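Remarks on the overall topology
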Amino acid sequence: MEIIQTSFFGWLGTTCTIIYKLPQMYKLYKNKTSKGLSIMSYGIQTISYVPYVIHGIIINDLPTFAMGLFSFILNILICFQICFYKKYYDSVIPITSSD
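Fair warning: this is a prediction, and the values are worked out from it, not measured in the lab. (Residues numbered from 1 in each chain as written. Predicted model: local features only at pLDDT ≥ 70, side-chain atom pairs only at ≥ 80, totals over all residues. Heavy atoms only, no water.)

**Description of the side chain of Q81**
This is how it is decided: Helix and strand definitions follow DSSP, with helices as H or I runs of at least four residues and strands as E runs of at least two, each counted in order from the N terminus. Per-residue accessibility, obtained with a 1.4 Å probe over protein chains only, is compared with the maximum for each type, and a residue is labelled buried under 20%, exposed over 50%, and partly exposed between these values. Identification of polar contacts relies on pairs of N or O atoms within 3.5 Å, with a donor-acceptor requirement for protein atoms, meaning one able to donate a hydrogen and the other able to accept it, and with residues adjacent in sequence counted only if both atoms are side-chain atoms. Should any heavy atoms of two residues lie within 4.5 Å, those residues are counted as being in contact.
Its location among the elements puts Q81 in helix 4 (residues 62–88). Owing to a relative accessible area of 12%, Q81 belongs among the buried residues under this scheme. One polar contact links the side chain of Q81 to the main-chain carbonyl oxygen of M25, over a distance of 3.2 Å. Aside from chain neighbours lying at most four places away, what touches Q81 is M25, L28 and Y29.

**A word on helix 3 (residues 39–58)**
Operational definition: Residue count minus one, scaled by 1.5 Å, sets the expected span of a helix. Here the arc refers to the directions that run from the helix axis out to each C-beta atom.
For helix 3, which comprises 20 residues, the first-to-last C-alpha distance of 30 Å matches the rise-based estimate of 28 Å (1.5 Å per residue) to within 8%. Buried within helix 3 we find Y42, T46, Y49, V53 and G56. Projected down its long axis, helix 3 shows its buried positions confined to an angular sector of 70°, all on one face. Within helix 3, the exposed residues directed more than 90 degrees away from the buried face are M40, I44, I47 and I58.

**Concerning the confidence of the model for the chain**
Let me state the cut-off plainly: Along the chain, pLDDT gives the predictor's confidence residue by residue, from 0 to 100.
Looking at the chain, the pLDDT average stands at 88 and 86% of residues meet or exceed 70. Here helix 1 (residues 2–19) is the element of the chain with the lowest mean pLDDT, 82, and helix 3 is the one with the highest, 95.

**A look at the environment of C16**
As for its position among the elements, C16 is in helix 1. Residues C16 and M67 lie 51 residues apart in sequence; the distance between their C-alpha atoms is 9.3 Å.

**Brief notes about the packing of aromatic side chains**
Here is the rule we go by: Each aromatic pair joins two rings of Phe, Tyr and Trp (for Trp, the six-membered one) with centres within 6.5 Å, and gets the label stacked for planes under 30 degrees apart, edge-to-face for over 60, and tilted for any other angle. As a reminder, the over-ring test applies to NZ of lysine and CZ of arginine, requiring each to be within 6 Å of the ring centre and within 35 degrees of the ring normal.
Applying the stated rule across the entire model yields seven aromatic pairs. Plain terms: the ring middles of Y49 and Y52 are 6.2 Å apart, the flat faces sit at 40° to each other, and that makes the pair tilted. With Y49 and Y52 both in helix 3 and three residues apart, the pair spans about one turn of that helix. Residue classification places Y49 among the buried residues on the basis of a relative accessible area of 6%. On the accessibility criterion, Y52 (40% relative accessible area) is partly exposed. Taken together, a centroid distance of 5.4 Å and an interplanar angle of 75° make the contact between F84 and Y85 edge-to-face. Taking NZ or CZ as reference, K32 lies 4.0 Å from the ring centre of Y29, over its face.

Right under this line is the structure:
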């Protein structure tokens, strides 16, 4: 029973970690601006997921490995969006808030 509970909470945490990044990706895509976001912050956060991947492999914990890997991939995509919109849109389109 303890393994099932541990696995459940591990997968629940992994799912939440993946889901909470999606609104930021969508907002970047929708607004086509990266103003107010720090590429350095997202870059450091992206690098911080590498130890989670390694840790998940070492302790043979699939939820930890999956959380680290998927979060790393999503952060790479967010970093790409930030750089892309900063280069191609931020200097051309004025900021308007649609919130």
